Amino acid sequence: MTENVPDEILELILYLALVVPSDTFESWGSSTSFAGTPRSTVPHLLLVSKRWHYLGEPALYESAILRTKRQVNALAGAAGKVNGRGIKQGTYLRRLRIEGGYNNRFNQLLAAGPNIHTLFIGFDISLDDSASGLKRGLQRINPSRLYLKATPGGHLTAQNTMSLYAAVAAAFPSWTNLKRIDTSLYFMSAGSIETSLKELSSLEYISTTSFRPFCPDNPSLKTIQIRDGNNWLENWKQYPNQLSRIDREKVVLGEGKNMIRWTDLLQLRADLPEGASKLLDLPDKVWSQILDRVTDIHRNTYPALTVGFFHRPAEVRANTARRNVVLVNKRFHRLGIPYLYTVPYLPSERAVYGFIYRVQSSAVLAAFVREIFVPETLVLSGHSAPITIPMMKNLERVLSFHFPVLLGHAKCLPEGQVSKLEQAHEHHAQAVPFAPRDFLKFPHLRELSLRGGCGAGLDDVHPDVLPQLERLTVINPGPRIFRVFQSMSLPRLRHFTYSTVLESTADDPTDFLKIHGSKIDTICLSGIPHGDATAYPPVLDLCPNLTELRFDSLDVVDLDKVLPVSAWTGPHLSLRKLVLPAFTLNIPQPGRHEAERTAWNAFVGFLTTQREQLPALEEIRIFKLTWPMHASDYNVSRFSILALDLHELGIALADRDGTRWARFDPLPDWLMRRARATEPLA
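Predicted model only: the values in this text are computed from it and were never measured.

Notes on the packing of helix H12 (residues 284–294) against helix H15 (residues 330–342)
Here's step 1: As a packed pair, H12 and H15 sit with axes 9 Å apart at the nearest point and diverge in direction by 50°. Overall, the two elements H12 and H15 adopt an arrangement that is oblique. Along this stretch, H12 crosses H15, giving a crossing that reads as right-handed. Across the interface between the two elements, Asp284, Trp287, Ser288, Leu291 and Asp292 of H12 pack against Arg331, Phe332, Arg334, Leu335, Gly336 and Tyr339 of H15.
Here's step 2: By residue class, the composition of the contact of H12 with H15 is five nonpolar, two polar and four charged.

Shown next as structure tokens:
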């Protein structure tokens, strides 16, 4: 197959395939790294032939990522072996990333890898790990670049973690080649490391996320990079004594193309004489784009910039900053006012009332508004009824139940004019009537969330209304509300959400799904209809093309009782994903109450018996999946048992973001016996 390929070419191909990419090696990772990273099968390339093995072996050992003791032991054993070229395999090792598995074999591993120039150390050390063999081993190498990573938690309180800090600090005097150190977001330096860094004569560059981790008083240090451009101001104010010792010429802010030296930032002074500085003479079009960017709340994380620095409520300071920008001069006011009102920032009751007053007083300002968002949890004490502002004729998105616009908005539009509205969240009492004709002026509406309301004027049929509607959410519906939508064709409907609480008046969506169910690919069910956990409509029968079924309510306990499968006439060939909240599953915890284990076995048994009915099911997502950080977490995690059980059924476990569980190491027998119930699967 590759007999005619020269060794030099094949060696380069294997190198590119086998070496860990820099982006992967240098990534700070996340809580999903240990159990959510698929195992690489690239080393299997060396089994193709003896020639491939001979040429690819140096690339295979060039870099390594270690997370378990088994991996550490295997690499330590292999690194000391002499290959067919008479070379110890450890001498090929150039980059080493340690994220777990700390034990006394590290001394052997590092002794066999004297050429390591890049070292990555993770400080999320588990309780059964030990840094005892690491202290001497670290002094056997002389890296030029060091990465220090940690995640949130009380790691500094653990004795073995402090031992790891001490081992790293003790190695600094022998690392005469170390020129650069990078630290992760949550890394906090201990005193021993800070003291050793001051004496590291080779150190030239430190890259961190804020001033907080460490900024040693080291004369050889040339650059301190603060990657997090949002938090550097906050830390500047919080650590004045520490920062007073730092030469600002050394500090750069941001990363990549956005890096800038601290000394290059414009230092504004309140005592500048009038006319001492002048704005650039740029065309209106250019200044308009600049003002659009600096006043856009979605592009600028104002709370992160202001909390702690200005010592004022973030939401107040954010709007103050935006307003002050357009008050610089008349030109900025003329160009910037539209951007303030296009997407208003309304995080507080005061901000909401101020916005209402201004747009109700000025049709010009109301016409600027394109999007409204108010957190649903925000309580507006001055209004017992929803707020209606019909003058906002250019609205495109209303993502707030505080601002229902459909009924009032349609009435204020001139005859023959339609609304630009694309998204609307409506909240009404169940007695508020809706008729098909109420939607005539919303041909661009793509997403509608309707809470409450009831059906009326059902004889006045308009099948062509809402031609662009893709997502429909109905919450606590009143009588006949689904009949309003049954008369519409809704050709683009793909996502349907039905949520109800313990109300006997809630309308039943079954007839609606009989008409529109074949178009829908995603359904979300929330709450318990009529107080009966088995009263969900038979969506698997009514929606043959359904690919995702979601249960968003935390009230659902036994999935095998509520999954609407009672009327199945045959296998459902499309359902690929089942999404569940955290408390739906009584996943067994080792040593916990037997009722949990029995309920879990019933669920697994249900999936086992229904597997032929759900042949396409490939993933179950859990909203609040807790990822294990290392092997000791994995061995006691209830989600490890869940992942193994589902894996046996050919179903993947994933978190809310879709990251799939990828580690399936067998659990200790004693743990499995304690986690399993004695009864057979239901």
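Some details on unusual backbone geometry
Here's step 1: Not every positive phi belongs to a glycine, and Arg480 is a case in point at roughly 65°.
Here's step 2: Of note, Arg480 is situated in the loop between strand E16 (471–475) and helix H19 (481–486).
Here's step 3: For Arg480, a relative accessible area of 38% puts it in the partly exposed group.

Focus on the pairing of strand E6 (residues 205–208)
Here's step 1: In E6, alternate side chains face the same way, and those of Tyr205 and Ser207 on one face and Ile206 and Thr208 on the other are all buried.
Here's step 2: Across three bridges, the pairing between strand E5 (residues 180–183) and E6 is parallel. Paired with Asp182 across the strands is Ser207, a residue of E6.
Here's step 3: Alignment of E6 against strand E7 (residues 223–226), held across four bridges, turns out to be parallel. Across the sheet, residue Tyr205 finds its bridge partner in E7, namely Thr223.

Quick word on the sheet that holds strand E2 (residues 95–98)
Here's step 1: Ordered by their spatial adjacency, nine strands build an open sheet running E1-E2-E3-E4-E5-E6-E7-E8-E9, and the pairing between neighbours is mixed. Both outer strands of the open sheet, strand E1 (63–66) and strand E9 (260–261), are each paired with one neighbouring strand and no more.
Here's step 2: Across two bridges, strand E8 (residues 251–253) lies against E9 in antiparallel orientation. The residue bridging Leu253 from the neighbouring strand is Ile260, located in E9.

Conventions adopted
Sequence order sets the numbering: in each chain, residues are counted from 1 along the sequence as written. The predicted nature of this model means local features are confined to residues of pLDDT at least 70 and side-chain atom pairs, given and counted, to a pLDDT of 80 or more, with totals for whole chains, interfaces and linings taken over all residues. Each side-chain value is derived from all of the structure's non-hydrogen atoms; neither hydrogens nor water enter the calculation. Every axis corresponds to a line fitted to the C-alpha atoms, with the helix fit spanning only the stretch in contact, and the corresponding angles, defined between N-to-C directions, vary from 0 to 180 degrees. Helix and strand labels come from DSSP, where a helix needs a run of H or I of at least four residues and a strand needs a run of E of at least two; each type is numbered from the N terminus. Oblique is the label for every angle not falling under 35 degrees (roughly parallel), over 145 degrees (roughly antiparallel), or within 65 to 115 degrees (roughly perpendicular). Take the far helix as your reference; a near helix turned counterclockwise from it by less than a right angle gives a left-handed crossing, and one turned clockwise gives a right-handed crossing. Note on definitions: a residue-residue contact is assigned when non-hydrogen atoms from the two residues lie within 4.5 Å. Polar here means any residue outside two lists: the nonpolar Ala, Val, Leu, Ile, Met, Phe, Trp, Tyr, Cys and Pro, and the charged Asp, Glu, Lys and Arg; Gly therefore counts as polar. Only protein chains enter the accessibility calculation, which uses a 1.4 Å probe. A residue is then buried if its area is under 20% of the maximum for its type, exposed if over 50%, and partly exposed in between. Two strands qualify as a pair provided DSSP detects at least 2 bridges between them.

Purely geometric numbers; function is a separate question.
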